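Breakdown of the fold
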Amino acid sequence: MHILPALGEVPLPDISNEVLTDFFGKLRERSYGKKGRRVTSTEKRAVQKRLEREKGRKDRGKPRKGLSEKSVKKNIRTTLRTLLGFSVKWGYLDRMPEIPEVVVPEPSFDWYRPNEVRRLLAAARDEWARAVLLFAVHTGVRMGEQRALRWADLDFDTRIITIRRSAPKWLVVEKSPKSNRHRRVELTPKLVEALEKIRNEGERVFCNPDGSKLPTGSRGTDPGASSSRPGCRRRA
């Protein structure tokens, strides 16, 4: 999506630190289109604006954003290093070109404080919403992992939750958790009590009233609904 459009026609011996530095700079500015071209042509801009109007997007007409430093380092630089490494190994290159370093800034997180968590839980509309929020707070699992959770993944005797799958918002089907590794999380006493109150006969822990899977990209309740109550802070 990014490497081939920019470097696909560049001969391997010509890929230098200068070429890669320029490539990384362009990625930070606007990145590349999925069709292998920069989003610069008049025709493509017209199509893009029309599609945005049809979808009612509020950011219509704004320039395409570039990639973050993390995306450049983790996805692009790592892939390039692998490709160029095999080029040397297979004899297409005499030596590995110097790949520019990418410095990723330390991430900043806006955690809810304990007193804010208590206010959020107190503002939940019912036991279901409270269990959804409490599970997220006590386990720290991703939304897709929470949506994919089964009762069989909970061991009430050993108080262990096993995260085996995920249902991310961009996929209709479920997949393995991030890094393709199962992991175990503590099932706290307060969480046990909350889950017992919403126990159902279906396979899934968090599901629709009929036992079916929740809509894509949903935990089954909106944490923002609780955070909009008096005394609760909505995170930025």
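Description of the structure in this document. None of these values were measured; they are calculated from a predicted model.

**Section: the pairing of strand E2 (residues 160–163)**
- In this sheet, E2 lies alongside strand E1 (residues 154–155) in antiparallel orientation, the contact comprising two bridges. Its bridge partner lying in E2, Leu154 is registered against Ile161.
- Taken together, E1 and the strand that follows it, E2, pair antiparallel across an intervening segment of four residues, in which Arg159 is found at a positive phi of about 60°.
- As defined by bridge partners, E2 adjoins strand E3 (residues 183–186) across four bridges and the pair is classed as antiparallel. Following the sheet pairing, Ile161 is matched in E3 by Val185.

**Quick notes on the sheet that holds E3**
- Taken together, the three strands give an open sheet; going across it, the order is E1-E2-E3, and neighbouring strands pair in antiparallel fashion. Looking at which strands have only one partner, the edges of the open sheet turn out to be E1 and E3.

**A short note on a positive patch on the surface**
- A surface patch of like charges, here positive, comprises Lys70, Lys74, Lys175 and Lys178.
- Structurally, the position occupied by Lys74 is in helix H4 (residues 69–89).
- With a relative accessible area of 48%, Lys74 lands in the partly exposed category.

**What about the packing of aromatic side chains?**
- As enumerated under the stated definition, the model contains four aromatic pairs in all.
- Between Trp128 and Phe206, the aromatic rings sit 5.9 Å apart at their centres with planes inclined by 70°, giving edge-to-face as the arrangement. Within this pair, whereas Trp128 is found in helix H6 (residues 127–139), its partner Phe206 is found in the loop between helix H8 (189–196) and helix H9 (223–227), the two being separated by 78 residues in sequence.
- Judged by its relative accessible area of 0%, Phe206 is buried.
- Their ring planes at 70° and their centres at 5.3 Å tell us that Phe135 and Phe206 sit as a pair that is edge-to-face. Remark: Phe206 occurs in the loop between H8 and H9 and Phe135 occurs in helix H6; sequence separation between them is 71 residues. Exposure class is identical for Phe135 and Phe206. Each is buried.
- Arg199 extends its terminal NZ or CZ atom over the ring of Trp151, reaching a point 4.5 Å from the ring centre.

**Concerning H8**
- Buried within H8 are the following residues: Leu191, Val192, Ala194 and Leu195. Here the buried residues of H8 occupy an arc of 165° about the axis, which is enough to place them on one side. Among the exposed residues of H8, those pointing more than 90 degrees away from its buried face are Pro189 and Lys190.
- Where H8 is buried, its residues contact H6, E1 and E2.

**Digging into the pattern of salt bridges**
- Throughout the structure, instances matching the rule amount to 13 salt bridges.
- Residue Glu145 is joined to Arg142 by a salt bridge in which the shortest nitrogen-to-oxygen separation is 3.2 Å.
- Note on Glu145: relative accessible area 2%, which makes it buried.
- Note that Glu193 is salt-bridged to Lys197, the shortest N-O span being 3.9 Å.

Quick notes on the rules
Residues numbered from 1 in each chain as written. Predicted model: local features only at pLDDT ≥ 70, side-chain atom pairs only at ≥ 80, totals over all residues. Heavy atoms only, no water. Pairing = 2+ DSSP bridges. Helix = DSSP H or I, 4+ residues; strand = E, 2+ residues; numbered from the N terminus. Patch = residues over 30% accessible without salt bridge, like charges linked within 9 Å, V, L, I, M, F, W, Y side chains within 5 Å. Areas by Shrake-Rupley, 256 points an atom, 1.4 Å probe, with all protein chains shown as cover. Salt bridge = Lys/Arg side-chain N within 4 Å of Asp/Glu carboxyl O. Lys, Arg positive; Asp, Glu negative; His and termini not counted. Charge placed at Lys NZ, Arg CZ, Asp CG, Glu CD. Buried < 20%, exposed > 50% of the residue type's maximum accessible area, 1.4 Å probe, protein only. Phe/Tyr/Trp six-rings, centres within 6.5 Å; stacked < 30°, edge-to-face > 60°. Lys NZ or Arg CZ within 6 Å of the ring centre and 35° of its normal. Arc of directions from axis to C-beta. Contact = heavy atoms within 4.5 Å.

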